[in-house]
Amino acid sequence: MSELSDYAFVATVAALSTAILLYLVYVLGAGSLRAFSLADGGSLATESANGPYTTAGRYGTILAVNAFAFLTASLVFRTIASGHGPFANMYEFSLAFAWGALALYLYFELRYRLRILGLLVLPIALGLLVYATTVPSDITPLVPALQNDLLLTVHVAVAIIAYGAFALAFGAAILYLVQRRDSIRWLPRSTVLDEMGYKAVTVGFPMMALVIILGALWADIAWGTYWSWDPKETASLVTLLIYGGYLHARVLRGWRGQRSAMLLILGFAATLFTYYGNLFFGGLHSYG
Amino acid sequence: METQGVRAVDGAEALASPPSAGRARPSGRLWELDVLGHVWRFFTSVRLALVLILILAAAVLAGTLLDQAPPSVFADPASYDQWLERARTKYGFWTDIFNFLQLFNIFHTLWFKLIIGLLTTNIIICSLNRWKGIKTTVFGARVRMSETFFQHARYNASLAAAMPMTTAAERVRRALARSHYRVRTETDGASVAIYADRNRFSRFGTFLSHLSIVLILAGTVVGGVLGFKDPEFIVAEGATREVGMGTALSVKLEHFADEYWLEGPPKDFRSELVIYENGQEVKRGTIRVNSPMSYKGVRFHQAFFGQTAVMKVTDASSAVIFDEAVPLAWQTREGSRPVGSFDLSGENRTVYVIGPTSGENDPLIPAGEMRVEVYRGDTGSLVAAENVSQGTPKAIGDLNVNFVRETRFTGLKVVKDPGVNIIWVASALMVLGLVMLFYFPHRRMWALCKALPDGKAEVRLGMTAQRDVSLTEEFKRLRERVGLALGIRPDGGGTAGGGDDV
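Residues numbered from 1 in each chain as written. Chains lettered and ligands numbered in written order. Predicted model: local features only at pLDDT ≥ 70, side-chain atom pairs only at ≥ 80, totals over all residues. Heavy atoms only, no water.

A. Spotlight on the overall build of chain B. In terms of regular secondary structure, chain B is built from twelve helices and 21 strands. The C-alpha atoms of chain B give 36 Å as radius of gyration, which overshoots the globular expectation for 502 residues (23 Å, by more than 25%). Expressed as lengths along the three principal axes of its C-alpha atoms, the size of chain B is roughly 120 × 50 × 45 Å. Intrachain contacts of chain B at a sequence separation of at least 6 include 59% that bridge at least 24 residues. (Helix = DSSP H or I, 4+ residues; strand = E, 2+ residues; numbered from the N terminus. Rg over C-alpha atoms; globule rule 2.2 N^0.38 Å. Contact = heavy atoms within 4.5 Å.)

B. Local environment of the interface of chain B and chain A. Of the residues lining the interface, 53 residues belong to chain B; the matching set on chain A comes to 58 residues. Between chain B and chain A the total buried area reaches about 4900 Å² when both faces are included, carbon and sulfur atoms providing 64% of it. Between chain B and chain A we count one salt bridge in total. The shortest N-O distance in the salt bridge between Asp220 of chain A and Arg299 of chain B comes to 2.9 Å. Applying the counting criterion to the chain B and chain A interface returns 13 residue pairs in polar contact (both at pLDDT 80 or more). Every element with two or more residues in the side of chain B that touches chain A is listed here: helix H3 (46–65), helix H7 (110–139), helix H10 (205–226), strand E7 (266–277), strand E10 (298–314), strand E18 (399–416), helix H11 (420–439) and helix H12 (472–485) of chain B. (Buried area = accessible area lost by both parts, 1.4 Å probe. Salt bridge = Lys/Arg side-chain N within 4 Å of Asp/Glu carboxyl O. Polar contact = N/O pair within 3.5 Å; in protein donor to acceptor, adjacent residues only side chain to side chain.)

C. Representation of the pattern of salt bridges in the model. Residue and element names in this part refer to chain A. Throughout the structure, instances matching the rule amount to 30 salt bridges over all chains. Between Glu92 and Arg78 there is a salt bridge, with its nearest N and O atoms 2.6 Å apart. Linking Glu92 in helix H3 (residues 90–112) with Arg78 in helix H2 (residues 52–82), this pair joins segments that are 14 residues apart in sequence. There is no split in this pair, since Glu92 and Arg78 are both buried. One network of salt bridges, with partners in common, ties together Asp194, Glu195, Arg250 and Arg256. (Buried < 20%, exposed > 50% of the residue type's maximum accessible area, 1.4 Å probe, protein only.)

D. The environment of Lys450 of chain B, seen in detail. Residue and element names in this part refer to chain B. Turning to its location among the elements, Lys450 is positioned in strand E19 (residues 443–451). The exposure class assigned to Lys450 is partly exposed, which follows from its relative accessible area of 26%. Contacts of Lys450, omitting those with residues within four sequence positions, involve Glu147, Met165, Ala190, Ser191, Lys456, Ala457 and Glu458.

E. Main features of the pairing of strand E14 (residues 349–354) of chain B. All names here are of chain B. With five of its six residues buried, E14 lies for the most part within the structure. Of the pairings in the sheet, the one linking strand E13 (residues 338–344) to E14 comprises six bridges and is antiparallel in character. Each bridged residue has a counterpart across the sheet, and for Val339 the counterpart in E14 is Ile354. The hairpin formed by E13 and E14 contains four residues between the paired strands, and Asn348 there has a positive phi angle of roughly 60°. Of the pairings in the sheet, the one linking E14 to strand E15 (residues 369–376) comprises six bridges and is antiparallel in character. Each bridged residue has a counterpart across the sheet, and for Tyr352 the counterpart in E15 is Glu373. (Pairing = 2+ DSSP bridges.)

F. Representation of H3 of chain A within the structure. Residue and element names in this part refer to chain A. With 23 residues, H3 should reach 33 Å at 1.5 Å per residue; the first-to-last C-alpha distance of 32 Å fits that figure. Among the 23 residues in H3, 19 count as buried, and that is most of the element. At the C-terminal side of H3, Arg113 shows a positive phi close to 55°. (Expected span 1.5 Å × (residues − 1).)

G. Expanded view of the side chain of Thr61 of chain A. In this fold, Thr61 of chain A is placed in helix H2. Setting aside residues up to four positions removed in sequence, Thr61 of chain A forms contacts with Tyr23, Glu109 and Arg115 of chain A.

H. Spotlight on unusual backbone geometry. We note that Trp229 of chain A has phi near 55°; this positive angle belongs to a residue other than glycine. Position of Trp229 of chain A among the secondary structure elements: in the loop between helix H6 (190–222) and helix H7 (231–253). Phi is positive for Asn278 of chain B, which is not a glycine, with a value near 50°. Of note, Asn278 of chain B is situated in the loop between E7 and strand E8 (280–288).

I. Fine view of the sheet that holds E8 of chain B. Residue and element names in this part refer to chain B. Within the open sheet, the four strands sit side by side as E5-E6-E7-E8. Their pairing is antiparallel. If you trace the sheet from one side to the other, it starts and ends with strand E5 (240–242) and E8, each paired once. Taken pair by pair, the neighbouring strands of this sheet meet at an average axis angle of 25°, ignoring direction. (Axes fitted to C-alpha atoms, helices over the stretch in contact; angles between N-to-C directions.)

J. View of the pairing of strand E3 (residues 191–198) of chain B. Residue and element names in this part refer to chain B. Along E3, seven of the eight residues are buried, which leaves the element largely enclosed by surrounding structure. Pairing analysis gives seven bridges linking strand E2 (residues 182–188) to E3, with the strands arranged antiparallel. From the neighbouring strand, Arg184 faces E3, where its bridge partner is Tyr195. The hairpin turn running from E2 into E3, its antiparallel successor, is two residues long. Here E3 pairs with E19 via eight bridges, running antiparallel. Bridging across to E19, Arg198 finds its partner in Arg443.

As C-alpha cells, then:
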C-alpha cells in the first residue's frame, strides 16, 4: 500500500507538471493570438471560440483533474497503509495542503471557468509536492497527543480547505496586481480577479475559524487548556486576523483593488508561516 | 458608460437601503450629551476596528516571533532577570528595547488587554449601531420601488410580456419562488410590485459571529475568576496527594506506564488514578493524553512523567523521619540531571536527590546511585553530600540515608474551568454565523409589472449592487428564469443593463 501511494505520488507530479505546461501554452498562445477580447467582460468566463490553444487549456484541465485524482489515491493508499489520516508529519501535511489547493482550484475553475488562475495555483501545489520529496516520507506512528482519530482527521481536513482557499485568493491577488490597469488583453479583467480573491476568502475564512476552534477543542482534551499561545496557535490567529481585516476593509470600507490585494498576499504569507512556522519555533505542534 | 454606472450604484444604494449602517447618527436623550456622542461615534467607526485588528495581528505576530517568558518566570523578578540574560545572547542590543515594550510577555501585558478591551467595545457598539438597519432589511424591506430605482439599479432589465399584467406578475412571482426566493407583492390598479429575497436571516450572521467573540472573552474571564489550573501536579506511584484549591479532593497514582513504538516514538502514556473526596474513594480509572478524567468539574490530564527515588531517612536515634518517593521532576542547571528535594523541617534540613544523566554514562553519578546533598533549611548552606548506592544506607552528616528503589511519578495537569462551556457554545455560534454570512448570502431582487395600453405588460427587474460582491451572475440567472416564464427566449427580448462591477 505504501508503494502504491508512492507510485500515485509520482503520477501526480508528472500529471501536474504537464498540466502546468499546457496551461502555459494555453495562456501564452491565446495571449499572442489575442483570442480573448474585452467584449467578453460581461461574463466571468474568458473562454472564447475554439482554437488550438483552447484545446491545450482543455487538456491542461483534464490533466489537472488527473493529478488531483492521483493525489487523492496517494493519500488514500497512505491512509490504508498507516491506519490513520495522512496528517501525521510534514510529508503528509504537504501532500494534504497540495490536495486542498488543487481541490479548491478545480472547484473554482468548474464554477467560474477561470482557467488562468491555475497558472498560479498549480505551481503552488507542485511546489508543495516538491517540498514533500525533501522531507522524510516514512510512515510514522502516532504519538500519544495525536491519537484522536476524529479530531486529527477533521481538524486537518478543514485546515487544508482553508489553506487551499487562501492559496487561491493569493493567486487572484497576484494576477490582480499584474492586471490592475486592465492593460493585458488576455487576462481576465481586474474586477473579476478582485472578486475571485474575495470569493476564495469567503470560502476559506469560516473554515479557518473552524480549524482554530477544533484545535482549541483538541488542546482542551489533550493538554487541558484550549489556548496556550503556542506558536502555531498564535500564527493561525494572526492569519485569521489578517483575513478578518481584509473582509471588514472590503465589505464595510469598500477597499478594492491594490490595497485589498496586498492584504491577500500578506494573508497568504501568514498562512505559509502558520503552516511551516512550527518547524522554526517548536512548540506543541512540533510533530513533523 | 462605466462612470455613469458608478453613479448609478450610489444612487441605487441610497434608494434601496434604509439609511442605517455606519453613518446613522445616534439619537435619543442619552446621546444628546456630546461627549457620549463623540465616544459613541468613535467606537462605531470601522476604521477603528481595522486599526485595532491590525495592531492585534502585529502584536500576536510579535508574540510568535519573539521568545515569550513563561508566566512563572515572569512572576519572579530574579528568574526573569536570568531569563533576560539568556535572551540577550539572542537579541543583543534589542533586548532592553523589547523588554521596555514588554514584548517578552505580550499576552499578559496591560496594553494587550487594553487593545482587546477596545476591540470588544468596538464590536459591541458597532453591533448595536447596525442592529436597527439590519432588522429593517430583514423584516421590513420595501416592496415597491420607484421608477428611478429601476432606471438606475446597477443590475436592471426591462422585459416585454405578451400577457396581461396580473398573469405576468404571477409568472414572475413563480419564477422567483422556484429560484428559492421569498416573494412579496403589492398591487395597485396599474402595477404589481414584487420584492423577492433569499437567505435574509444570513444578515444576522454578523451579530452571531461578532458577539461570539465577546462571549468567548467572557468565557475566559469566567474561567479565570471561578476556575483554577495546576499545570505541574506531581504524584508518585503509590502516593496520594491533595488537590487543594478549595476542593476536598485528593489523587492517588496506582501505576504509571509508558509504551513505545518499535520505531522509537512514544505510543502511550497512562496513569491509573484513584480520586478521593473527603477521604472517600469516588472515582477510579486510567487517563491517557487524549482521554482525561473528570470529577465534579475538576479535570485530570496526563501531562508528563518521570522517575522518583524512594528515600528512607533516619536520625541519630534511628527513628525514621522520612520514607517516601521523591519525584526527580526538575533538572540541574549543570549536566541536566534529574533532581528532586524534600524538607526535614524537624531537623532544619533540606535534602536534594540527584539522579544520573539519562542515556549515557554519568562520570559523577554511576547508574544505581543517587547523589544526596543535605542543606541547612534556614541558611541554605551545604552540610554534606554523598553518593548513595541503592539498598546501602549511608551516613550523611547526622542523618542516615537509604536509597531504597526507583519508581515513577506522573505529572498531571489539574484544571477546573467553568468558562469552557461558554467558549464552546460561543464557538459554535461563531461558525454558524460565518457560514450563514458567507455561504448563504442575502440576495434581493425587485420587480415591477406595469399594464400597457395594448393589454400587454412591461416587467422591470432591478437588483442593487453590493459593495463587497458582484451579483452579475445571479442577476443573469434570475433574468433568464423570469424571461423564460414570460415566454421570452434567453437570447432575445428585453434590454439589459448591468455588467461587471467597476
